[in-house]
Every structure is written in C-alpha cells, then in structure tokens.
Amino acid sequence: MTLRLAAAMLLFGIGAAPLAAQSAADRAALRHLADSLAALQSTDDASAFSMDWTPDRGKAMTELRRGLIELRRGELSDDRGRFDDALMHLSEAAFSHDDWPWVWYAMATTKAAMTRRDFIAKPAPHQPLGMSYYAGFERDLLHAFQNDSLFPPAVAFLINTLAAEGNREQPEEFIDLLRIVAQQPGADPRVALILGRAAREAGQPDSALIWFNRYRDGGGDPGIAALELAREFRALDRDSEAVVAYRAGLTSPSDSARAMYRSDFAWIATPRELAQFDSLPADSLAGWARRFWALRDAEAIRPAGASLPEHLRRWNYVFAHFRVFQPERHRKIERFTWVTPLPCTESKPDALKQSYFDDPSLTDDLRSREQLLDQRAILYMRHGEPAKRIRSLAPGDSLSVLPTAPATFTDQITAAFQRDPLPGDDSRALEFWIYWFAGETRVFQLRGSQMLGSDGPTTIIAEPIASYSALRALAQIDSRYNKVAHFLLAHQVSFMASAVPLSCIPPLRQLRRQRTADLTTAVQTDSYTLMFEHVVPTMVQTFAVGRPERGDSRLLLEFAVRGADLKPSARTDGAPGVAYQIDFRITAVDTVQGIVRRLDTVRTFVAADTLRGDQVLDGYLELPVPAGSYTVRAALFQGARGASLERPEIAFAPAAGALALSDLVLGRRGSGLTWPNGRGGSVPLNPLNVFRPGGELQLYYELGGLNPGGQYRTTVGLRREKDKDEHRGLKLVFTETAAARDEGFQRSLDLSRLKPGRYELMVTIDEIGSDRTITRQRSVVIQP
C-alpha cells in the first residue's frame, strides 16, 4: 500500500469502526425528507412541508430540516434569501453537532446551488470572508467525509459534481477518496471517468487509459469513453487506435456523448459546420465526421487521415500547457486584448468574443464561469505549433528563440531577431508567435496579464510593441512593421513626442487594425500548414477544362521545377542515366457542397545525366472533378524538400442556359510538353508561362452552352498590364458558326509586334442576337 493511499485511509477513517455520531433513524429520516423535497415542482408544494419534525427530534435535527426545506425553496424560486436562510439554519445545526455528516453535506449542496446561480459570496459563520461558495462547497464536503469517510449521499453528490466538471483540476483529497470508492463493489462507473481525467492532468497517460477502459467496461457511456480513449491513445502515439476510438464514439452517441463531441468540433468547426452537426440524427454523425476530417486533410494538403491525430495532439498539448493558474480567480472572461486603455485606440476587437476556453460539453459544470484555458489555447487548437516562438523575459534577459518545426521561412525569422533582438520587458513574459496560414505571415503578440496570469504569455495583445528594435526585427518577416518602426524613431526624436501620443501616430493605428484583422482571421479559420525544410522554387499552373455534362470535367495541373533543386538517384532498371522521384499531392475542395477530390501519386523522371543550371523537369497531372466551385491546393516534394501552392475559386459550373468557357491554356510549340485534350487534339503546353519576343503563343480553350448553327463573336486581346489604352497591344476579332453544343478551339497569336513585359490576355465570347457573353483572362510574360 502506498504512503499516499495509507494517508488517505487514515484521513477518512477507513478500516476503523464506523463513526456513530448520528443515529441510523435520524439519517433515514433525513434521507426520506431529502428525497421528498427533490420530487417537488413548485414553491407552493414546498410550503406544505412543516418546518418541524413530528414527533420532535431535537434542536439540531430541526435546524437541519429547516435548512433543507429552505434550500429546496431557493432551488425552485432562485430566491437568494431562501439560500441565505438555509445556510443560517444549517450553521445552527453545525454549532450543535459538528460531527454530523448530514450537516456538512447539506451545507455543501447549498453552496453548490449558490455557485450555480453565480451568487456573490457573503461572509457567514461557516463561510470565511474572501472564500467563494465553490471553495466553501469543497471544504464542507470534505468535512462531511471526515465525519463519515464514505457517507453515501456525499459520495453520490461528489461523483455527480466532478463528472460534470470535465477536465478541471480537482482537490487531491477528493481524488484520493474516489480511488478508494473505486474499489468498492458496484461503484459508479463515473468514478473511473473522474480518475482517468485526474491521471491525464497529472501527466500519466498509461494510467488514464486504464481508468477510461474501466469506465467503458463498467457500464459507462461508450461515446464519452471513446473520445477520452482517443485522446489518451494519441498521447501514447498510438494514432491508428486513436482514430478508431474517435470514430467509434460517434456511432449513435448518447446526448451527453454528442455534446462532448460537439465541444470538440467547436474548437475548429465553422458555424455552418456546427449547424450541420446539430441538424443530423445520431446515426449520421459518424459519416459527417469522416467528411469533416477528410476536408481538413485536403485543405492542408496532408495525407488522408493526418488531421484528426494532429487535432487530438493539439488538444492534449493545450490542456497540459495552457491551463489558467487558479482559475477560480478568472471568471466570466470572454476576451482581453489590451493591457491598458491607450489614446486613439478603437474599441476592443471582437475576435475572441465567441471563442470559449472552458470545457462547455457538460452543462452541470459548477465552475463553467471559471476561465480554464488562456488565450493561447484558441491559436494553438486552430493552427498548431507556431513556425517560431520568440520570447523576451525580464529586463536584461537575452532573446530566447524556441525551436519548432524547421522551415526556410523560420530560418529567416531567426536570422532577423539575431540581428536585431527584442528588448527586455517587465516581469511579464512577452512572446511572439509567428505563423504562415491563409497565404500570409501572421505575427501574434502575447504577454502576461492580471486577467489571465502574469507568469506566462497568456494574453493576446492587439497593440503593437512600441520598440524600434523589435519592430525592425519583425519587419524582416512582415514589411508592415518597417514603416511603423521609422515613424516610431521619428516620434521619439522630434516635437511629436510631446505633442502627439505614440498610440495616435497613423502607421501604428493602421498596424493595430491589421493585427486585429489577423486575429479575426486566426479565430475564424483553422490550418495545418504544410512546411518544408527546403523550399524548392516551382512553377505550377492549374486549369479548369472539360464539361460536367460530358463527364470529362477535370483539373489540369502543369508544373516545372529546376532539376538542380532536386536530388537524383540511380535508375532502378540499371540503365544509364539518373532518375528523379517526386511525390505529388493535389486536392480540390468545394466546401459548400462538401466535395473533396484528391490525387496522391509518385512520378519518376529519367534523364541521361544529372540536371544542372536552368534545366527543368516538367509535366502535367489531371484530377477528375464534378461540377462545383473549388479551392485547389497542390504540393510537390522530395522528402523535406518541396513546394506548395493554392488557387481559390476554380469553377466547373453546370449548364444552366449560360455560355461556359474553360480556363485559357497557354502553350508554346517546341516546349517538349503536349497534352491530349480528350477531343482528339494535342495541345502544346508551357509550364514556365514565359514567351520569347517574336515567337508565337498557342491558345486553347473550350466553349460550352452553344446553339449549333448560332453565330459567335470572339475577341482576343493582349495588352500590357495596367495599360488603359486599347489601341496598344494585340487585338483580334472574328465571328464563327457553332457546329456543336460544345467545342474546343486552338488559336495561334503572333507576338512579333510586342515588346518584353507582363501582359494580360483576355478572351471574350459574345452570342450574336442575344445578351449571352463570357470572358476569361490570363497573365502572360514576354521576355528575351
């Protein structure tokens, strides 16, 4: 037997003779009274109860009876006065019989009810000044157990309370007691659930797994058990088991399990996705969840099945590292993004207003108004580990760069701060989290605050740090900080320092608004950014071709990558030359329709010798897709070397009486790469999208929704970007008769009259005799 368990048994008197401070008859009478009161539905019903025992049972029992009746009246009416009267009567009983467990149990349940109603604690004989009603509930319940180590009503109330409090830290005395209760025959399975969560909080995933299995096997809710098991399997790096358990819990879950899963999805799901979840019957949730995580995999260009284990990893990390210290001191907090009010600062950003950091899956949580996690939690759950964390501590401390996943862009960040480090701050830690998501670098500033704790960077701050060196370092990552840094320097050395508050200078106000916008983006989106240790410069173009009604709509992706940036290997067939093996991953996502299409493939290219200089590998890939509007993402990689891209809004609209024009596919004869268009033609491609002066541009497009025999005017224009003069550049206009409902067209454009530069190619189709028209455009580069 461990010393800890032995101490707990000594504390609660287990193994000793039962305490007989209150007679069995009195206990039975109180139990009967409590059950009768619990069945009441109105205060009128409660008024029918006599305030005295018949026959009389003495002063202490009378005060207990009156306290229980007033407690029930308060629960039915929410009248604060009734609860105060209940505590007064129960305190009188405690003065007479401090050794009765019923006295302290009734006092604990009263204070728990007052906690639930968010009543402000008032000092009383058994409620010290400054103690919350929840802390009073804990103290009184412990007192009840000291009088009767396994007092049944108190044990049942403790189990109900702690099971509903989810992943909150619990008093060690309660956990020690429940370990003993767990050994009793017929113990409530929720005891194992509570002990599993306590083991997790203590950093003991193996023990937690044992307890959660015991909860499930002992008759606990299988859906709740499955979610808790999934988290522990992930903590133990047993990813496949974690995924199986997570999915199993969504097979016709109970209402309680469904609420827990909803809370889990709510970390990253959009309002529309949560509305879908809420509208589905229980037996449809498993399929919905599979599509949900498949969508996240595709959006992140990750392997199928990667996002769910990462989500579970983030959850475990957040609850291990971002808990608020003394959460009972941090209540009703929705947002806090400023340290102190400053001149010229707009109202606080609403970005965090709807972001919940507690554990709202359990509606009976007495501590639901306590802040459980700090503001780092929402950033981490939605976007994972930052590309870099950069920290400055107390004055005189040197800069600390906390290493994370390597990437070329993070090397740049490190170099910037080594050249120009952050200044020392006050005793509250200052930290920058730097991400790459939604196509941009995002910099978030965090520091300690009285609201969420000062010992760590607990709070997101929208106000930029007023430090020239810090701003100059950040400018190496995000150019928006450069202008602010120079204005700050000018402000400090000019009359402006006394005439205009620093927070009022226009560049700082603009940067503040941009940072607020970044914060809004952060809490409304989620990401699992694919980063590479070595970024390979790659040219990738995507085109929407084909027609949904023909059944041949597809994405055409062409690419070109310098061979010098890739690693060759020997050919597997033993032939002379080298091979380049490249992994490709393409995903197309239509979030409105919930369509996900992906292509994961490995292509091997052979060459007579190692590619050097500007020699490139090029090619194309196709991905069939149905009608829809897609965001297309693609990644090309060799191990830790690679590149990725994103093209939003690529559409395959179904025929609806309108003209339909495919993307414009540009090519160059002699490029060495051609594409069979599926219509019997061979279309030259140009993956680099660069054309020589005096050469030709090969143009291919497909037109649908035609009326056979109808006349169509085609206008092809090629002019310099941003040039408003229509008389400069190249313009062709011609009329043709449609031979079919949809056709493919190949055109040749002579570039001999055009000078080097960037041009805009525009193709417009007008149906003669109607108002139907459609236009597509592409950028073209002409250079020697």
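Here, residues in each chain are numbered from 1, in the same order as that chain's written sequence. Confidence filtering applies because this is a predicted model: local features only for residues at pLDDT of at least 70, side-chain atom pairs given and counted only at 80 or more, and all residues used for totals across whole chains, interfaces and linings. Based on all heavy atoms of the structure, the side-chain values leave hydrogens and waters out of the count.

Peer 1: Looking at this structure, I do not really get the packing of helix α14 (residues 255–266) against helix α15 (residues 271–279). What am I missing?
Peer 2: Pairs of packed helices are described in terms of their axes, by the angle between the two and the distance that separates them. In this analysis an axis means a line fitted to C-alpha atoms, helices contributing only their contacting stretch, and an angle means the value between N-to-C directions, from 0 to 180 degrees. Strands are runs of DSSP state E lasting at least two residues, helices are runs of H or I lasting at least four, and both sets are numbered from the N terminus onward. The geometry of α14 relative to α15 is characterised by a closest axis approach of 11 Å and an angle of 170 degrees between their N-to-C directions. As summarised for this structure, α14 and α15 are arranged roughly antiparallel, according to the angle between their axes. The interaxial crossing formed by α14 with α15 has right-handed handedness. Contacts between α14 and α15 involve Arg258, Tyr261, Arg262, Phe265 and Ala266 from the former and Leu274, Phe277, Asp278 and Ser279 from the latter. Class assignment of the residues belonging to the contact of α14 with α15 gives a composition of 5 nonpolar, 1 polar and 3 charged. Angles are sorted into four bins: roughly parallel if under 35 degrees, roughly antiparallel if over 145, roughly perpendicular if 65 to 115, and oblique for all others. Helix crossings get a hand from a simple test, with the near helix turned counterclockwise from the far one by less than a right angle marking a left-handed crossing and a clockwise turn marking a right-handed one. Contacts are assigned to residue pairs that have any heavy atoms within 4.5 Å of one another. Any residue that is not Ala, Val, Leu, Ile, Met, Phe, Trp, Tyr, Cys, Pro, Asp, Glu, Lys or Arg is counted as polar, Gly included; the first ten are nonpolar and the last four charged.

Peer 1: Hey, could you run me through unusual backbone geometry in this one?
Peer 2: Most peptide bonds adopt trans geometry, and most residues besides glycine take a negative phi value. For the bond from Thr54 to Pro55, the omega torsion is -5 degrees, close enough to zero to count as cis. Position of Pro55 relative to the elements: it lies in the loop between α3 (43–47) and α4 (59–77). Although it is not a glycine, Ile301 sits at a positive phi angle of roughly 55 degrees. Tracing the backbone through its elements, the reader meets Ile301 in the loop between α16 (285–299) and α17 (307–321). We note that Glu649 has phi near 55 degrees; this positive angle belongs to a residue other than glycine. For Glu649, the location among the structural elements is in strand β14 (residues 641–652).

Peer 1: What is the right way to read the side chain of Glu702 from this model?
Peer 2: Relative to the helices and strands, Glu702 is located in strand β20 (residues 696–704). Classification of residues uses two cut-offs on accessible area relative to the type maximum, computed with a 1.4 Å probe and protein chains only: under 20% is buried, over 50% is exposed, and between them is partly exposed. A relative accessible area of 1% places Glu702 in the buried class. Distance and chemistry together define a polar contact, namely a pair of N or O atoms within 3.5 Å, with one atom able to donate a hydrogen and the other to accept it when in protein, and with adjacent residues in sequence counting only for side-chain atoms on both sides. Of note is the side chain of Glu702, whose polar atom sits 2.6 Å from the backbone nitrogen of Gly546.

Peer 1: Please explain the sheet that holds strand β8 (residues 554–562) as it appears in this structure.
Peer 2: Strand pairs in the sheet, formed through backbone hydrogen bonds, run parallel or antiparallel to each other. The 3 strands lie next to each other as β7-β8-β12, forming an open sheet whose pairing is antiparallel. A single partner strand is all that each edge strand has here, and the edge strands are β7 (538–545) and β12 (616–624). Averaged over neighbouring strand pairs, the angle between their axes works out to 15 degrees when direction is ignored. In this sheet, β8 lies alongside β7 in antiparallel orientation, the contact comprising 8 bridges. Residue Ala544 lies in a different strand from β8, and its bridge partner there is Leu555. Pairing between strands is defined by DSSP: at least two bridges between them are needed.

Peer 1: How should the side chain of Glu228 be read in this particular structure?
Peer 2: With respect to the helices and strands, Glu228 occurs in helix α12 (residues 222–235). Of note is the side chain of Glu228, whose polar atom sits 2.6 Å from the side chain of Arg200. With residues near it in sequence (within four places) discarded, Glu228 still touches Leu193, Arg197, Arg200, Phe212 and Met260.

Peer 1: How do you make sense of the pairing of β20 when you look at a structure like this?
Peer 2: Regular strands have side chains that alternate between both faces of the sheet. With 8 of 9 residues buried, β20 lies mostly within the body of the structure. Where strand β15 (residues 660–661) lies against β20, 2 bridges are found, and the strand directions are antiparallel. Paired with Ala660 across the two strands is Gly704, which belongs to β20. Where strand β16 (residues 665–667) and β20 come together, 3 bridges link them in antiparallel fashion. Following the sheet pairing, Gly667 is matched in β20 by Gln698. Sheet analysis places β20 next to strand β23 (residues 743–750), joined by 8 bridges and oriented antiparallel. For Tyr701, the partnering residue across the bridge sits in β23 and is Phe745.

Peer 1: Any chance you could explain the sheet that holds strand β25 (residues 773–782) here in plain terms?
Peer 2: Strand order across the open sheet formed by 5 strands is β19-β25-β24-β21-β22, with mixed pairing between neighbours. Sheet topology places β19 (690–691) and β22 (730–737) at the edges, where each strand pairs with a single neighbour. Here strand β24 (residues 757–767) runs beside β25; their pairing, made up of 10 bridges, is antiparallel. Looking at β25, one finds that Tyr759 is bridged to Val780.

Peer 1: Is there a simple way to explain the pattern of salt bridges in this structure?
Peer 2: Think of it this way: side chains of opposite charge can pair up when their charged atoms draw near. A side-chain nitrogen of Lys or Arg and a carboxyl oxygen of Asp or Glu constitute a salt bridge if their distance falls within 4 Å. Taken as a whole, this structure holds 53 salt bridges when the rule is applied. Put simply, Asp552 and Arg554 hold a salt bridge, and the shortest N to O gap is 4.0 Å. Accessibility expressed as a relative area gives 19% for Asp552, which makes it buried. Linking Asp609 and Arg612 is a salt bridge whose minimum nitrogen-to-oxygen distance equals 3.7 Å. Connected through salt bridges with shared partners, the residues Arg550, Asp552, Arg554, Glu622, Arg679, Glu702 and Asp742 form a single ionic network.

Peer 1: Any chance you could explain helix α13 (residues 239–248) here in plain terms?
Peer 2: Because the α-helix completes a turn every 3.6 residues, residues three or four places apart line up on one side. Among the residues making up α13, those that are buried are Ala242, Val243, Ala245 and Tyr246. Axial view of α13: buried residues confined to an arc of 165 degrees, hence all on one face. Exposed residues pointing more than 90 degrees away from the buried face of α13 are listed as Ser240 and Val244. Contacts made by the buried residues of α13 are with α12, α14, α16 and α17. The arc in question is traced by the directions running from the helix axis to the C-beta atoms.

Peer 1: Would you take a moment to explain the nonpolar core for this structure?
Peer 2: For soluble globular proteins, the rule of thumb is that nonpolar side chains tend to be buried together. Throughout, nonpolar core names a set of buried Ala, Val, Leu, Ile, Met, Phe, Trp, Tyr and Cys residues whose side chains join them through atoms within 4.5 Å. Counting residues in hydrophobic clusters, the biggest one holds 113 residues, and the most contacted among them are Leu64, Leu141, Leu178, Tyr246, Phe265 and Trp267. Broken down by element, this core gets its largest block of residues, 10 residues, from helix α6 (residues 101–116). Counting residues in each nonpolar core, the second largest holds 27 residues, with Leu566, Val578, Ala607 and Leu617 among its members.

Peer 1: Whenever I open this one, the environment of Thr714 confuses me. Can you help?
Peer 2: Along the chain, the position of Thr714 falls in strand β21 (residues 711–720). Overall, Thr714 belongs to the buried group, its relative accessible area being 3%. In this structure the C-alpha to C-alpha distance between Thr714 and Ile765, which are 51 residues apart in sequence, comes to 4.8 Å. Beyond its immediate chain neighbours, meaning those up to four positions away, Thr714 contacts Tyr701, Leu732, Val733, Phe734, Glu736, Arg747, Val763, Thr764 and Ile765.

Peer 1: Could you clarify how one ought to interpret helix α11 (residues 205–217) in this entry?
Peer 2: A helix's residues, less one, multiplied by 1.5 Å, set its expected span. Taking 1.5 Å of rise per residue, the 13 residues of α11 would be expected to cover 18 Å, and the 18 Å separating its terminal C-alpha atoms lies within 8% of that figure. Turning to α11, its buried residues number three or more, namely Ala208, Leu209, Trp211, Phe212 and Tyr215. Of the surrounding elements, those touching the buried residues of α11 are α10 (190–201) and α12. Positive phi shows up at Gly219, right after α11, with a value of about 105 degrees.

Peer 1: Honestly, the packing of aromatic side chains in this entry has me stumped. Any pointers?
Peer 2: Any aromatic ring pair is given by two values, namely how distant the centres are and how the planes are angled relative to each other. Here is the rule: rings of Phe, Tyr and Trp (six-membered ring for Trp) pair when centre to centre is within 6.5 Å. Planes less than 30 degrees apart are stacked, more than 60 are edge-to-face, and the remainder are tilted. Evaluated as defined, the whole model comprises 33 aromatic pairs. Residues Tyr630 and Phe652 carry aromatic rings whose centres are separated by 6.2 Å and whose planes lie at 70 degrees to one another, so their mutual orientation is edge-to-face. Taken as a pair, Tyr630 in strand β13 (residues 628–638) and Phe652 in strand β14 lie far apart in primary sequence, 22 residues in all. Three or more aromatic residues link up through ring pairs in this structure, and these residues are Tyr246, Tyr261, Phe265, Phe277, Trp288, Phe292 and Trp293. Note on geometry: a ring has a charge over it if NZ (lysine) or CZ (arginine) is within 6 Å of the ring centre and within 35 degrees of the ring normal. In this arrangement the basic side chain of Arg57 is found over the ring face of Trp53, its NZ or CZ atom lying 5.4 Å from the centre. Lying across the ring of Phe277, Arg258 places its NZ or CZ 5.3 Å from the centre.

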